[in-house]
Amino acid sequence: MLLHLPTSVTEAQECMAHGAVPVGGATLIWAAWQRDGFPEQAMSLRNLPEANAIGPGSLGAAVVLNRIDDRVPEVLRRAAAGVGTGAVRRTATVGGNLVGSTLRCLLPAALVLDARAVTLETDRTYETDLAEAVAKQHLLLGLRWREPLASAYHKAAGDAGGPPPLVVATAVHAEDGGRRLRVAVRDGYEVLSDSTPLDTDAEQALHALERTEFGSLDPAARDVIRRQVTALAGRVSDS
Ligand SMILES: Cc1cc2nc3c(=O)[nH]c(=O)nc-3n(C[C@H](O)[C@H](O)[C@H](O)COP(=O)(O)OP(=O)(O)OC[C@H]3O[C@@H](n4cnc5c(N)ncnc54)[C@H](O)[C@@H]3O)c2cc1C
């Protein structure tokens with residue numbers, strides 16, 4: 001297997017055109033290659049500046065999870081800090097987590113930031129809807145978002161090898177002279193997300209959320225949402 005380490009977008013596009021498979025930290029793909037056979041060519045974005053940006057408002061796909069610090073919003077930082085073990089976080093990348101893993105702890109956090117995916121094709125780079133980029137497994141260069149006023153993240157305790165633990169991510173954004181609350185929940189392997197205006201008190205927003213898919217979550221999950229939204233609304237009204 002030939003591993004390419006492009007240092008420019010043009011070089012990365014050439015590698016793509018030659019069929020190089022993207023690789024992040026190889027924490028997942030290595031086992032698949034050992035089982036199914038190695039590709040002729042692979043490409044890591046670790047030497048590509050566009051894939052290594054960290055904040056404000058951007059995060060590169062080649063950034064290793066344990067490098068994600070307070071240059072990004074709390075919700076994303078805490079999501080990264082809660083992935084797997086220290087050994088996994090020292091190696092796994094943003095791109096591998098969002099596009100290549102089934103757990104995708106970063107996805108709810110990125111959704112509440114209303115993040116856009118910056119993706120690479122052989123003839124262009126372009127910004128697109130994150131959920132679509134993930135679903136279609138586009139080659140991810142990074143994420144871009146508008147800074148929120150405040151954000152929060154909760155991941156329930158879980159057993160190794162057990163069902164994916166509940167994740168609740170929230171963020172409040174300034175919008176049209178008011179505020180918008182975005183909420184995303186990982187329930188099993190499914191990720192739900194929605195948003196609602198946030199006025200002075202959280203109750204109205206919570207009622208609006210109850211009328212969305214969140215209303216059919218189990219009571220324990222809805223309780224976590226309620227507590228997180230109430231605390232977050234308190235933080236933004238104090239600021
Ligand atoms: C012990 C263990 C515990 C874990 N616990 C968690 C957890 O709690 N939460 C969680 O979310 N995840 C968890 N994971 C998954 C972990 O986050 C993944 O291993 C990791 O995200 C894969 O990242 P990687 O950079 O190593 O990807 P790789 O293994 O290199 O690649 C995985 C896939 O992603 C593709 N890929 C890589 N980069 C890109 C890119 N830029 N664009 C498009 N496709 C790309 C590859 O082609 C491949 O198909 C755990 C993994 C392990 C081994």
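Quick note: structure is the one above.
What comes next concerns the included structure.

## Things to note about the pairing of strand E7 (residues 139–144)
Successive side chains on a regular strand alternate, one facing one side of the sheet and the next facing the other. Among the six residues of E7, five are classified as buried, and the element is accordingly described as predominantly covered. Bridge analysis of strand E4 (residues 58–60) against E7 gives three bridges, and the strand direction is antiparallel. Directly across from Gly60, in E7, lies its bridge partner Gly142. Across five bridges, the pairing between strand E5 (residues 116–120) and E7 is antiparallel. Directly across from Arg116, in E7, lies its bridge partner Arg144.

## So, a nonpolar patch on the surface
A cluster of nonpolar side chains, namely Met1, Leu3, Leu5, Trp30 and Phe38, defines an oily patch on the protein surface of about 460 Å² accessible area. Position of Leu5 among the secondary structure elements: in the loop between strand E1 (2–4) and helix H1 (9–17).

## Topic: the side chain of Ser58
Positionally, Ser58 belongs in strand E4. Those residues in contact with Ser58, other than ones at most four positions away along the chain, are Ala53, Val72, Leu143, Arg144 and Trp145.

## Here's the deal with the packing of helix H8 (residues 202–210) against helix H9 (residues 219–238)
At a minimum axis separation of 10 Å, H8 and H9 run at an interaxial angle of 150 degrees. Viewed along their axes, H8 and H9 form a crossing whose handedness is right-handed. Contacts from Ala202, Glu203, Leu206, Leu209 and Glu210 of H8 reach H9 at Arg222, Ile225, Arg226, Val229, Thr230 and Ala233. Here the contact of H8 with H9 is built from residues that sort into six nonpolar, one polar and four charged.

Calculation criteria
Residues numbered from 1 in each chain as written. Predicted model: local features only at pLDDT ≥ 70, side-chain atom pairs only at ≥ 80, totals over all residues. Heavy atoms only, no water. Buried < 20%, exposed > 50% of the residue type's maximum accessible area, 1.4 Å probe, protein only. Helix = DSSP H or I, 4+ residues; strand = E, 2+ residues; numbered from the N terminus. Pairing = 2+ DSSP bridges. Patch = residues over 30% accessible without salt bridge, like charges linked within 9 Å, V, L, I, M, F, W, Y side chains within 5 Å. Areas by Shrake-Rupley, 256 points an atom, 1.4 Å probe, with all protein chains shown as cover. Salt bridge = Lys/Arg side-chain N within 4 Å of Asp/Glu carboxyl O. Contact = heavy atoms within 4.5 Å. Axes fitted to C-alpha atoms, helices over the stretch in contact; angles between N-to-C directions. Left-handed = near helix turned anticlockwise from the far one by under 90°. Nonpolar A, V, L, I, M, F, W, Y, C, P; charged D, E, K, R; others polar.

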